[in-house]
Amino acid sequence: MPRRHWANLTSASALAIMLSCAPVLAESARTVDPATGVPLPEMPQLRLLDGEGPGPQAATAAPAPENDIVTGTVASGVRLRGAAEIDAAAPVETEDEPVALDIPPVEMPALDPALVPASKSAEPAAPAPAEAAPVQAAPAQPAPETVAPAAVTEPPAETAPGPLRAIEALTPPPELPKVVITVPPGLAFAADIAAQAGEAVAVRRLGERERAEIVAAYQANENKPFWIDAKGWTAAGKQIVAQLERAADDGLRPTDYALPVFELSDRAKLAAADIRLSALAVLYARDARGGRLDPRRLSKLITPTLYLPSATEVLSELAGAADAGKVLAAYNPPHEQYRRLKAKLAELREHLDDTPLVRIPAGPTLKLGMRDERVPLVRARLGLGPSDDSVFDRSTALALADFQKKAGLPANGILSERTVAALGKPAAARGEEDIIAQMERWRWLPPDLGAKHIIVNVPEMRVRVIRDGRTLLDARTVIGKPGSATPIFSHKMDHVVVNPSWYVPPSILKKEFLPGLAADPDYAAKRGYIVTRTKGGGISVRQPPGERNALGWIKFMFPNEHAVYLHDTPSRRLFGADKRAFSHGCVRVENPFALADQVLGPEWTSERLKKLIGKGERRINLPEPLPIHLVYNTIVIGADGHVTRFDDVYGFHRLVRQALEQQG
């Protein structure tokens, strides 16, 4: 056999012997890779065929597959026994040099210094166990290691492999960026705002609901301030402060919006100031929309629908506005007449009457013909000229009645305690109060009256149809008597009735018909009324359509809680009077068919409607509901600035002015 062939067989035999011993050594030496901590695969066990193993089993073992790969360096001279193709009697050729198998080394990727964990020391690696040396043909190279930059963990020095430890000693640890924690703007005030909120929102005339909404708004904003920072008011805060300081321009009372005082060094006061400014802004917005007074408490006949904003709405609009001051000012009425009243108020304040007034002392009520030492003072105050006569004569009473009318007091010519108080005010001051009271009633109207709408000014006793600021119809009206006043409210007209029947309302039935029926059973029949019994045992009185019907030929309906409406009337002569307060509360229109032309549209002309007269009751719906506003304007400012005053027929103007004065 050739010498080279014997050498190969000898090397293979020696390698088989070493591999058969490897599991035993590896089981005690190492089972995991020291560099990566990954368990190593189990080495296959090889059976010994040379008779040195457990006797009987060696003879029966199957030969190893021909495609098995064996690596390592085997010395010559070692006999491989048990192979069928080897002649045991043949001599074994030996060589002086070992024969190495030609197996190329595995190329490992270069280590990235950025991915190598930092090491505190560069101690040499501990040597491998001695019993493991025969099975290692070459030093193992560590596998590439990936380490997240933000989670670098330094391995213990005793477990790091030699090459890795050397690299650690040469590679300086990377510089990690400094972590900077930024506190969100305003969060520094969060604790102070939470502590100050309950007390800071306690503003007079601000309801519990609004206060709770303000606190909730801050909580939703993580208790960060809305209007202040470390330097004081922000730009939005300054805009709100400026508008509150101009409250008097709109007839509001500046003392109701007294601004908080704080020092920049006191964070608690800064937080309280921010909350207080929010509360004042909410109060201002509600006052500007008519929240200063409750109209229904003044009279059950004053029932406007107020459009008061919530605290949440106000704060959200102000916080997101480019100009918070303008947004706050916009809560005041946008109507042209209101702007004219505001301009007139400014004009009155520019020309204050500083003339000393005659001071009239308090005393008993004076009526016509009575004597009192204060009469000469009253005459001097009214401009009647000096007089030594102490008799309260007719000229004094008439002059006093004229003053009372202008002052919004009952014009009865009696010197009462209230009249004495009014005489003690300058004329300019009284004029301001009147203007402010009229401005307040404009706050009760909707911000949007409607592109086309009907407005009935009760004290003026007129009705107008207005579209886009242009008057389409202007007609006289008859309003309710002082004892049955026409109510003040807004609604929507939705239909018209031609040839209406009139059902006598309970108030008139109780005051007029029941006493008349008790005295004369034919009282209703003689007047053209039909009396019917109701299921509850009462009676219903109806006036059928006709010329004598109290509603005339047509009525304009807008169902409401007061059961009033606009209608025609057979008593047309009443429109010729200057004072036209004659109805039971409804509004009678001088030319109802002209009004129908404006509300029903071109389809229903006056000629077509008149053809329906006398043909039974007929309902006609409006093309779309039309806003109607029954208002109480005793002061009207013309485009030229001229002031027109109307009688306070029901005393509603006086009620408003007194309520505002008492509130102050």
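All values derive from a computational prediction rather than experimental measurement.

Description of the side chain of D250
Following the sequence through the fold, D250 ends up in the loop between α6 (235–245) and α7 (267–291). Overall, the relative accessible area of 3% leaves D250 in the buried class. Sequence-distant contacts of D250, defined by excluding residues within four places in its chain, comprise Q243, Y284, N332, Y338, K342, M439 and R443.

As for the pairing of strand β12 (residues 554–557)
When a strand is regular, its side chains alternate between the sheet's two faces. Neither face of β12 is left uncovered, since the one carrying I554 and F556 and the one carrying K555 and M557 both have all their residues buried. In this structure, strand β8 (residues 489–498) lies alongside β12, joined through four bridges in antiparallel fashion. Bridge assignment links H495 to a residue of β12, and that residue is M557. Looking at chain direction, β12 and strand β13 (residues 566–567) are connected through two bridges and run antiparallel. In the strand pairing of β13, K555 is matched with H567.

As for the environment of G664
Checked against the element boundaries, G664 lands in the segment after α20 (652–663). Between the C-alpha atoms of G664 and T255, which are 409 residues apart in sequence, the distance is 8.9 Å.

Here's the deal with unusual backbone geometry
Of note, the phi angle at N223 is positive, near 60 degrees, even though the residue is not glycine. Structurally, the position occupied by N223 is in the loop between α5 (208–220) and β3 (228–229). A relative accessible area of 18% places N223 in the buried class. In this structure, N499 takes a positive phi of about 60 degrees despite not being glycine. On the secondary structure map, N499 appears in the loop between β8 and β9 (502–503). With relative accessibility at 1%, the residue N499 sits in the buried group.

So, the sheet that holds strand β10 (residues 530–533)
Here three strands make up an open sheet; going across it, the order is β9-β11-β10 and the pairing antiparallel. In this open sheet, the two strands that pair with only one neighbour each are β9 and β10. In the sheet, β9 pairs with strand β11 (residues 539–543) via two bridges, with the strands oriented antiparallel. Residue pairing across strands places Y503 opposite R542, the latter belonging to β11. Relative to β11, helix α16 (residues 506–519) is tilted by about 95 degrees, and along the sheet it contacts β9 and β11.

Some points on the pattern of salt bridges
Oppositely charged side chains may form a pair once their charged atoms are brought near each other. On inspection of all chains with the given rule, the structure shows 29 salt bridges. For E336, the salt bridge goes to R340, with nearest N and O atoms at 3.3 Å. Of this pair, E336 and R340 both sit in helix α11 (residues 336–350), four residues apart, which is roughly one turn of that helix. Given a relative accessible area of 25%, R340 falls into the partly exposed group.

Focus: the packing of aromatic side chains
Summed over all chains, the structure comprises eleven aromatic pairs. Taking 5.5 Å as the distance between ring centres and 65 degrees as the angle between the ring planes, the aromatic pair formed by Y257 and Y284 counts as edge-to-face. Taken as a pair, Y257 in the loop between α6 and α7 and Y284 in helix α7 lie far apart in primary sequence, 27 residues in all. Consider the rings of F489 and F558, whose centres lie 6.2 Å apart with planes at 40 degrees: the pair is tilted. Placement of the pair is F489 in strand β8 and F558 in the loop between β12 and β13, with a sequence separation of 69 residues.

With respect to the side chain of N332
By the secondary structure assignment, N332 is in the loop between α10 (324–329) and α11. Residue class for N332 comes out buried when judged on its relative accessible area of 7%. If near-sequence neighbours (up to four positions away) are discounted, N332 is found in contact with D250, L252, Y284, A288, Y338 and R443.

Here's the deal with α11
With 15 residues, α11 ought to run about 21 Å at 1.5 Å a step, and its terminal C-alpha atoms sit 22 Å apart, in line with that. Along α11, the positions that sit buried rather than exposed are Q337, Y338, L341, K344 and L345. When α11 is viewed along its axis, its buried side chains cluster within an angular range of 120 degrees and face the same direction.

Things to note about the nonpolar core
Ranked by internal contacts, the top residues of the largest apolar core, which has 46 residues, are I454, F513, F556, L566, V599, L600 and L609. In this view, V599 contacts I454, M493, V496, F556, L622, P623 and L626; residues no more than four positions away in its chain are not counted. Core analysis: the next-biggest nonpolar cluster, separate from the first, contains 40 residues, I214, Y257, A285 and A288 among them.

What about the packing of α6 against α7?
Two elements in contact, α6 and α7, have axes separated by 11 Å at closest approach and are oriented at 50 degrees. Relative to α7, α6 is oriented oblique. For the pair α6 and α7, the sense of crossing is left-handed. Listed contacts from α7 to G237, I240, V241, Q243 and L244 of α6 are L277, L280, A281 and Y284. Of the residues belonging to the contact of α6 with α7, the class tally is seven nonpolar, two polar and no charged.

A look at the packing of helix α4 (residues 190–200) against α7
Between α4 and α7, the shortest axis-to-axis distance is 9 Å and the interhelical angle comes to 45 degrees. In this view, α4 runs oblique relative to α7, as classed from their interaxial angle. Here the hand of the crossing between α4 and α7 comes out right-handed. Facing α4, whose interface residues are D192, I193, Q196, A197, E199 and A200, α7 presents R267, A268, A271, A272, I275, R276 and A279. The residue inventory of the contact of α4 with α7, partitioned by class, reads eight nonpolar, one polar and four charged.

Digging into α6
Listed as buried for α6 are G237, I240, V241, Q243 and L244. Along the long axis of α6, the arc covered by the buried residues comes to 165 degrees, so they all point the same way. The outward face of α6, more than 90 degrees from its buried face, is lined by the exposed residues A235, K238 and E245. If you follow the buried residues of α6, they end up packed against β4 (232–233), α7, α9 (311–319) and α10.

About the cut-offs
- Residues numbered from 1 in each chain as written.
- Predicted model: local features only at pLDDT ≥ 70, side-chain atom pairs only at ≥ 80, totals over all residues.
- Heavy atoms only, no water.
- Helix = DSSP H or I, 4+ residues; strand = E, 2+ residues; numbered from the N terminus.
- Buried < 20%, exposed > 50% of the residue type's maximum accessible area, 1.4 Å probe, protein only.
- Contact = heavy atoms within 4.5 Å.
- Pairing = 2+ DSSP bridges.
- Axes fitted to C-alpha atoms, helices over the stretch in contact; angles between N-to-C directions.
- Salt bridge = Lys/Arg side-chain N within 4 Å of Asp/Glu carboxyl O.
- Phe/Tyr/Trp six-rings, centres within 6.5 Å; stacked < 30°, edge-to-face > 60°.
- Expected span 1.5 Å × (residues − 1).
- Arc of directions from axis to C-beta.
- Core = buried A, V, L, I, M, F, W, Y, C linked by side-chain atoms within 4.5 Å.
- Parallel < 35°, antiparallel > 145°, perpendicular 65-115°, else oblique.
- Left-handed = near helix turned anticlockwise from the far one by under 90°.
- Nonpolar A, V, L, I, M, F, W, Y, C, P; charged D, E, K, R; others polar.

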